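Here is what each chain is made of, one letter per residue.
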Amino acid sequence: MDISPNAIPDVVVRRLPIYARSLSYLAEEGVRSVSSQELGERIGVTAAQIRKDLSYFGEFGKQGIGYNVEYLLGHIRRILGLHEVWPVVLVGVGPLGQAIARYEGFRSRGIDIIGVFDNDASKIGLQLGRNTVQPDSDLPKILKEHGIRLAIVAVPAVRAQEVVDVLVENGVQGILNYAPVVVQTPENVWVRHIDPVALLHSMTYYLSREDEHHAMNEH
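Fair warning: this is a prediction, and the values are worked out from it, not measured in the lab. (Residues numbered from 1 in each chain as written. Predicted model: local features only at pLDDT ≥ 70, side-chain atom pairs only at ≥ 80, totals over all residues. Heavy atoms only, no water.)

**Let's talk about the overall build of the protein**
In terms of helices and strands, the protein carries eight helices and 10 strands. The buried share among the 219 residues of the protein stands at 34%. A separation threshold of at least 6 residues defines the contact pool for the protein, and within that pool the share at least 24 residues apart is 54%. Accessible area for the protein stands at about 13400 Å²; split by element, carbon and sulfur atoms hold 54% of it. Across the protein, the mean location of the 21 positive side-chain charges is 6 Å away from that of the 26 negative side-chain charges. (Helix = DSSP H or I, 4+ residues; strand = E, 2+ residues; numbered from the N terminus. Buried < 20%, exposed > 50% of the residue type's maximum accessible area, 1.4 Å probe, protein only. Contact = heavy atoms within 4.5 Å. Areas by Shrake-Rupley, 256 points an atom, 1.4 Å probe, with all protein chains shown as cover. Lys, Arg positive; Asp, Glu negative; His and termini not counted. Charge placed at Lys NZ, Arg CZ, Asp CG, Glu CD.)

Here it is, written out as structure tokens:
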């Protein structure tokens, strides 16, 4: 089924890896088939939403029987391009960057960090997992040599845009940005922003409202 990437709502694309992860767990548990209701209960979405999401890519289940776990998992992995290993570079090896570089779970999930970079001379040559930290000046050469299209950015906010510009100029089209700032990119470049502080603040909103509610009730 030939589908234009832009024809699929981004919110649906964001849910596909969650479906794949849940199906992987089911497969490991020896579960052979699962209903949309059962799958939905595991990941917190409705059965109707799962059926609608999957309908963008074809028909995968049978009414009254459900989905074959291995079959559906294989299809979702192909949709996500996980039939191959994607080389990735990491820029920024502060405490967060070092933790990312040392994480062993990427490669088994189709992601291979093949280069780690920083502009701090004191960190050049540091061994992080399978990678040795290289200077930022080597970044364009490595990106072009390996045809890298994915990157992780874990630099301070003041450097983020500069780093992203270099990545984009050298062919990167997908960026996972941990820097606490929104970066600007061309329309054909996908960026996912992960700001742990902002995410925590979105939860403190609810907690503070709850505290205010309790305080009002006590009076």
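**As for the UniProt feature "domain: CoA-binding" (unreviewed entry) in the protein**
UniProt annotation of "domain: CoA-binding" (unreviewed entry) refers to residues 81-182 when read in the numbering used here. Across residues 81-182 one finds 28% helix and 28% strand; the C-alpha atoms that close the span lie 26 Å apart. (UniProt positions renumbered as here; feature names shortened; annotations may be inferred.)

**A word on the domain arrangement of the protein**
As far as domains go, the protein holds domain 1 (10-80) and domain 2 (86-194). Computed from C-alpha coordinates alone, the two centres of domain 1 and domain 2 are separated by 31 Å. (Domains from an automatic or database assignment.)

**Here's the deal with the UniProt feature "binding site: NAD(+)" (unreviewed entry) in the protein**
The positions that UniProt labels "binding site: NAD(+)" (unreviewed entry) are, in the present scheme, Gly92, Val93, Gly94, Pro95, Leu96 and Gly97. The residues contacting glycine 92, other than those within four sequence positions of it, are Gly97, Phe117, Asp118, Ala154 and Val155. In this fold, proline 95 is placed in helix H5 (residues 95-102). With a relative accessible area of 76%, proline 95 lands in the exposed category.

**Description of the sheet that holds strand S7 (residues 131-135)**
If you walk across this open sheet you meet the seven strands as S6-S7-S5-S4-S8-S9-S10, and the pairing is mixed. The open sheet has two edge strands with one neighbour each: strand S6 (127-128) and strand S10 (190-193). Sheet topology note: the S6/S7 ladder contains two bridges and is antiparallel. Bridge pairing in S7 links leucine 128 to asparagine 131. Here helix H7 (residues 157-169) sits on the sheet in contact with strand S4 (86-91), strand S8 (150-153) and strand S9 (174-177), set at roughly 170° to S8. (Pairing = 2+ DSSP bridges. Axes fitted to C-alpha atoms, helices over the stretch in contact; angles between N-to-C directions.)

**Some details on the pattern of salt bridges**
With the rule as written, the count across this model stands at seven salt bridges. Notably, a salt bridge pairs arginine 192 with aspartate 10, separated by 2.9 Å at the nearest N-O pair. Separated by 182 residues along the polypeptide, arginine 192 in strand S10 and aspartate 10 in helix H1 (residues 10-28) bring together distant segments of the chain. A residue is classified by how much of its surface remains accessible, and arginine 192, at 26% relative accessible area, is partly exposed. A salt bridge links arginine 15 to aspartate 53; the shortest N-O distance between them is 2.7 Å. Here arginine 15 is found in helix H1, whereas its partner aspartate 53 is found in helix H3 (residues 47-55), with 38 residues between them in sequence. Beyond isolated ion pairs, a larger network of salt bridges with shared partners links Asp10, Arg14 and Arg192. (Salt bridge = Lys/Arg side-chain N within 4 Å of Asp/Glu carboxyl O.)

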